[in-house]
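# Breakdown of the fold
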Amino acid sequence: MDTPSLNGPAASRTARIGFAVGLAAICVAAAWARRTGLDPGALWYDDAWVALVRKVGWHEGVLGAGRSSPVGFTLIMKVILDAGTDVELAGQALPFAAGLALIPVFGLLVLRMFRSRSLGVLAAALIAVSPAIVTYSTHVKQYTLEGLATLLLLGIFLQVISTRALRPLAALVTVSVLLQPFGHSVCFVAVVLIHLGALALWLAPREHQERHEAATRSLRGRRALSVACCAAFDLALALYYALLLRRQKTGSLEHYWEGRHVFMPLGESHKDWVLFLRDHVWRNFLAGSFPQGGQVVLLICAALAALGLVVSLRRTEQRWFGLAVLALYAQSLVLSALRLYPLGGYRIDIYLHPVHLLLVVSGLAYLLEHVRDERFRALATSLLTLLIAARFLPGIGAPRITYPEGQGAADLIAVMEQEKTADDAALVYPEDRYVFALYTHWNVQITGRPGIGSGYDIRVREPGVIMLPRVVPAQQRLGKNPLTKQAYRRLFLICVKIDATTTRHLLASIRNAGYHATSKRSVKGTKLLIFETDPPEA
């Protein structure tokens, strides 16, 4: 972007302070806007997967409860959850911090790319209102951490292509290897950036090959070391896949994403491809990163991103960045087509959201370059920043950030534990077993089970706790369950994540087993149902 040099008048102390204050103000506004999703009454189904590391030992937790989550992320969560007393707030701390850290890091990266502080502040505001990042900043998931990893690797990659030096390439390999255990998508991003960085290093000195023999020897050495860097990363990735990543793919998760049609269809008609791109790439992959505001805002952002990509490919100084973006997008399509990683699943695409937004900023930078009046350019950038930041204001911005339902689980599980006697039984529906295990004071055991989404199952070591099978109409009935083998005086059923149809059939099964409902309590989206045996006939 055609702006004054950062070492000139624009780099004055006032400008630097203004830039820092702008980033800090956006971070504070983002934290304030997201506070309503913090510290819920109880964690929901998916988040409880990871939070259960708090209740088991280190080995059982990191390699058990973290079976489908990145091992490094699970390890850090184990440390944080063990240190904190509030399981909800402690579990949200790292994703929340990573979501906020994305804001200044993105602003600094834009500053480095376009040498414009005003554009850096605008970019910070843009990523601060990114819908998917906002939502998953309050979930016990690694997705915001993956977005942050993408930015860090992109920053080092830009250093590689600007200097064509071995040291930044070695740093890129080292950081990529260290970040691998903290996000599944880190591997995808690192593969593209490391190999493209090595290729840029390989091709850069060609014009100097015929100067003298020493330069030729230096060239050969640089090429050999660049190949060695790639080989070192590839070896580390192969070992990581063989030892850990390969075991974290569960059949249930694959089935879950298959049912949401986020794998690109192969061998289908062109119409199916168009529908796939429309329904998943457009609505989730892109809309999850751009500010909310309807189709008009989405179209504007998409047009700016397309412009930014074209400009990046045409300009010599940005061409390697443009090639990296193209490679990342092509890789995401290939991974989806091969059923290796979904595309258009909203939360799982967060690792590429900073890339979309960088293209939007690139398009904006190109348009602003054609504004000759520097004061008008600064005014336009400031107005755009304020317009984006207005998303934080009540009544103007996005809806109040809320956490998923079921926040009364902890309270009702505590009530159940107090009232349950040795003659009673607690029924646990499969979808609620992780929440139940997290908030019960009874001992919990984790056992590996690759066939389900989390990759592990739980067992509560307490007499009278019955893990129900999935109740399918006309296929399974509670009457075939061990419930009928022993007479319990009362049954306690916590309902967190049970749809209406399943609830109806489950209640019918309980009645068939000889019980009738006597009590119902509801707290914040969670229900506690109590059943007693039918009185004997006269």
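Residues numbered from 1 in each chain as written. Predicted model: local features only at pLDDT ≥ 70, side-chain atom pairs only at ≥ 80, totals over all residues. Heavy atoms only, no water.

## Regarding the overall build of the protein
Note the threshold: Where helices and strands are cited, they refer to DSSP runs of H or I of at least four residues and of E of at least two residues respectively, numbered from the N terminus. Between buried and exposed lies partly exposed: a residue is buried under 20% and exposed over 50% of the maximum accessible area for its type, with that area taken using a 1.4 Å probe on protein chains only. By definition, residues are in contact when any of their heavy atoms lie within 4.5 Å.
A count of helices and strands for the protein gives 20 helices and seven strands. Residues classed as buried in the protein amount to 52% of the 538 residues present. Within the protein, contacts between residues separated by at least 24 positions form 75% of all contacts whose residues are at least 6 apart in sequence.

## Some remarks on the confidence of the model for the protein
Rules: Per-residue confidence from the predictor is reported as pLDDT, which spans 0 to 100.
Looking at the protein, the pLDDT average stands at 83 and 84% of residues meet or exceed 70. In this model, residues 1-7 is a region of pLDDT below 50 whose contacts with residues beyond four sequence positions or in other chains number 22 contacts. For the stretch residues 207-215, pLDDT sits under 50, and the model shows four contacts to residues farther than four places along the chain or on other chains.

## Describing the sheet that holds strand β7 (residues 526-533)
What counts here: Paired strands, in this sense, are two strands between which DSSP finds at least two bridges. All axes are obtained by fitting lines to C-alpha atoms, using only the stretch in contact for helices, and the reported angles, taken between N-to-C directions, cover 0 to 180 degrees.
The strand order across the open sheet built from five strands is β4-β1-β5-β7-β6, with neighbouring strands paired in mixed fashion. If you trace the sheet from one side to the other, it starts and ends with β4 (465-467) and β6 (515-523), each paired once. With direction set aside, neighbouring strand axes in the sheet form an average angle of 20°. Pairing between strand β1 (residues 425-428) and strand β5 (residues 490-495): three bridges, direction parallel. Bridged to A426 within β5 is F492.

## Remarks on helix α1 (residues 13-34)
Note the following rule: To estimate how far a helix should extend, the number of its residues minus one is multiplied by 1.5 Å. By arc we mean the arc of the directions from the helix axis to the C-beta atoms, nothing more.
The end-to-end C-alpha distance of α1, which contains 22 residues, comes to 32 Å, matching closely the 32 Å that a straight helix rising 1.5 Å per residue would cover. Among the residues of α1, those classed as buried are F19, G22, L23, I26, C27, A30 and R34. Seen end-on, α1 carries its buried residues on one side only, within an arc spanning 125°. Opposite the packed face of α1, turned more than 90 degrees from it, sit the exposed residues R13, T14, V28 and W32.

## Side note on the nonpolar core
Nonpolar side chains in soluble globular proteins generally cluster together in the buried interior. Note the following rule: For the purposes of this section, nonpolar cores are sets of buried Ala, Val, Leu, Ile, Met, Phe, Trp, Tyr and Cys residues that join through side-chain atoms within 4.5 Å.
Formed by 145 residues in total, the largest nonpolar core has its most connected members in I103, F106, L193, F290, F436, Y439 and I458. Look past the residues within four positions of L193 in its chain and what remains in contact with it is L153, L154, F157, L172 and A324. Among the nonpolar cores identified, the runner-up in size contains 15 residues, and Y429, Y488, L493 and L529 belong to it.

## Things to note about the environment of V79
Structurally, the position occupied by V79 is in helix α4 (residues 71-83). For V79 and W58, which are 21 residues apart along the polypeptide, the C-alpha to C-alpha distance reads 9.5 Å.

## Some points on the pattern of salt bridges
For clarity, the threshold we go by: One speaks of a salt bridge when a side-chain nitrogen belonging to Lys or Arg is within 4 Å of a carboxyl oxygen belonging to Asp or Glu.
If you walk through the whole model with that rule in mind, you get seven salt bridges. Linking R347 and D46 is a salt bridge whose minimum nitrogen-to-oxygen distance equals 3.0 Å. Taken together, the residues R347 in the loop between α15 (319-337) and α16 (353-369) and D46 in helix α2 (residues 45-51) connect sequence positions 301 residues apart. Here the two residues R347 and D46 agree in accessibility, since each one is buried. A salt bridge links D424 to R489; the shortest N-O distance between them is 3.7 Å. Here R489 lies in the loop between β4 and β5 and D424 lies in the loop between α18 (409-419) and β1, a separation of 65 residues in the sequence. For R489, a relative accessible area of 40% corresponds to the partly exposed category. Overlapping salt bridges, with partners in common, bring together D424, R489 and R490 in one network.

## Some remarks on the packing of helix α9 (residues 166-179) against helix α10 (residues 186-203)
In plain terms, the rule: Each angle receives one of four descriptions, namely roughly parallel if under 35 degrees, roughly antiparallel if over 145, roughly perpendicular if within 65 to 115, and oblique otherwise. In this scheme, a crossing is called left-handed if the near helix is turned counterclockwise away from the far one by less than a right angle; it is called right-handed if the turn is clockwise. Under the convention adopted here, Pro, Cys and the residues Ala, Val, Leu, Ile, Met, Phe, Trp and Tyr are nonpolar, Asp, Glu, Lys and Arg are charged, and Gly plus all remaining residues are polar.
Axis separation between α9 and α10 bottoms out at 10 Å; the angle between their running directions is 170°. The angle between the axes of α9 and α10 places the two elements in the roughly antiparallel class. Where α9 crosses over α10, the handedness of that crossing is left-handed. In this structure, α9 contributes L166, L169, L172, V173, S176 and L179 to the contact, and α10 contributes V186, A190, L193, I194, G197, A198 and L201. Classifying every residue of the contact of α9 with α10 gives 11 nonpolar, two polar and no charged.

## A look at the packing of aromatic side chains
Put simply, the rule is: Only Phe, Tyr and Trp rings are paired, with Trp represented by its six-membered ring, and only when their centres lie within 6.5 Å; those with planes under 30 degrees apart are stacked, over 60 edge-to-face, the remainder tilted.
What the rule picks out here adds up to eight aromatic pairs. With 6.0 Å between their ring centres and 70° between their planes, W49 and Y434 make a pair best called edge-to-face. Note that W49 is positioned in helix α2 and Y434 in helix α19 (residues 433-439), a separation of 385 residues in sequence. Overall, W49 belongs to the buried group, its relative accessible area being 7%. Here Y434 falls in the buried class, since its relative accessible area comes to 0%.

## Details of the pairing of β5
Taking burial as the measure, the six residues of β5 include six buried ones, the bulk of the element. Residues R490, F492 and I494 point to one face of β5 and L491, L493 and C495 to the other, with burial holding for every one of them. Pairing of β5 with β7 involves six bridges; the strand directions are antiparallel. Among the inter-strand pairings, I494 is bridged to a residue of β7, identified as L528.

## Details of the environment of A83
Tracing the backbone shows A83 in helix α4. Residue class for A83 comes out exposed when judged on its relative accessible area of 67%. Through-space distance from the C-alpha of A83 to that of R54 is 9.5 Å; in sequence the pair is 29 residues apart.

## Structural notes on the packing of α1 against helix α6 (residues 117-128)
The interhelical angle for the contact between α1 and α6, taken along N-to-C directions, is 5°, at an axis separation of 10 Å. In terms of orientation, α1 and α6 fall into the roughly parallel class. Residues A15, R16, F19, G22, L23, I26, A30 and R34 of α1 form the contact with α6, whose own contacting residues are R117, G120, V121, A124, A125, I127 and A128.

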